[in-house]
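Overview (structure and organization)
Each chain, written out:
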Amino acid sequence: MISFQQINEAIRSHEQSLVKMVVLERCARNTVSLSSLTYETCMTKPAVTQLCQLLVAKGFLQRVYSPRDRRRVYLRITTSGNTELKKVKAFLAKLEEVAS
């Protein structure tokens, strides 16, 4: 059985928030624009931009520029972003198993 302390430490070790996971999950499905993420997360555009800059800096997301219009920027999940997403999903599944 997992103790509360182990759960708490595991959450801290992932350094991820639910919103970050939603963004990574959305980007894992296909390339997405900042505007779409703003709409889907119900966050302000500056907040989404800041979050995505953090995820790009950590190497979890990659910026992709439109070949037709360089002003349009899309986001794509990276290999390390997919790895992180899988780790967190496995951790959440373990928590759900313990809770039930």
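Please read all numbers here as calculations on a predicted model, not as lab measurements. (Residues numbered from 1 in each chain as written. Predicted model: local features only at pLDDT ≥ 70, side-chain atom pairs only at ≥ 80, totals over all residues. Heavy atoms only, no water.)

Our next topic: the side chain of Thr 78. Looking at the secondary structure, you find Thr 78 in the loop between strand E3 (73-77) and helix H5 (79-99). The class of Thr 78 is buried, set by a relative accessible area of 17%. Separated by 3.2 Å, the side chains of Thr 78 and Ser 80 make a polar contact. Leaving out residues up to four positions away in the same chain, Thr 78 has contacts with Gly 59, Phe 60, Leu 61 and Gln 62. (Helix = DSSP H or I, 4+ residues; strand = E, 2+ residues; numbered from the N terminus. Buried < 20%, exposed > 50% of the residue type's maximum accessible area, 1.4 Å probe, protein only. Polar contact = N/O pair within 3.5 Å; in protein donor to acceptor, adjacent residues only side chain to side chain. Contact = heavy atoms within 4.5 Å.)

Moving on: the pattern of salt bridges. One pass over the full model with this rule turns up three salt bridges. A salt bridge links Glu 25 to Lys 89; the shortest N-O distance between them is 2.7 Å. Here Glu 25, found in helix H2 (residues 18-29), pairs with Lys 89, found in helix H5; they are 64 residues apart in sequence, far enough to count as distant. Between Arg 26 and Glu 40 there is a salt bridge, and its shortest N-O distance comes to 2.8 Å. Here Glu 40 lies in helix H3 (residues 34-41) and Arg 26 lies in helix H2, a separation of 14 residues in the sequence. Under the relative-accessibility criterion, Glu 40 is labelled partly exposed at 39%. (Salt bridge = Lys/Arg side-chain N within 4 Å of Asp/Glu carboxyl O.)

What follows concerns the confidence of the model for the protein. Per-residue confidence for the protein gives a mean pLDDT of 84, with 82% of residues at or over 70. Element-level pLDDT for the protein is lowest in helix H1 (residues 4-14), with a mean of 62, against a maximum mean of 95 in strand E2 (residues 61-65). (pLDDT = per-residue confidence, 0-100.)

Our focus in this paragraph is the nonpolar core. Judged by nonpolar contacts, the single largest core of 17 residues is most densely connected at Val 23, Leu 24, Cys 27, Leu 37, Leu 61 and Leu 75. Among the elements that take part in this core, helix H4 (residues 45-57) stands out by supplying five residues, more than any other. Each residue touching Leu 75, except ones within four places of it in the same chain, is listed here: Cys 27, Asn 30, Thr 31, Val 32, Leu 34, Leu 37, Cys 52, Val 56, Leu 61, Gln 62 and Arg 63. (Core = buried A, V, L, I, M, F, W, Y, C linked by side-chain atoms within 4.5 Å.)

With that settled, consider unusual backbone geometry. Despite not being glycine, Cys 42 shows a phi value in the positive range, around 60°. Structurally, Cys 42 is set in the loop between H3 and H4. For Cys 42, a relative accessible area of 72% translates into the label exposed.

The next thing to look at is H2. Over its 12 residues, H2 runs 17 Å from end to end, which matches the ideal 16 Å to within 8%, given 1.5 Å per residue. Within the span of H2, buried status applies to Lys 20, Met 21, Val 23, Leu 24, Arg 26 and Cys 27. (Expected span 1.5 Å × (residues − 1).)

Right, let's talk about the pairing of E3 for a bit. Two elements, strand E1 (residues 32-33) and E3, share two bridges in a ladder whose sense is antiparallel. Across the sheet, residue Val 32 finds its bridge partner in E3, namely Leu 75. Where E2 lies against E3, five bridges are found, and the strand directions are antiparallel. Within E3, the residue paired with Tyr 65 across the bridge is Val 73. (Pairing = 2+ DSSP bridges.)

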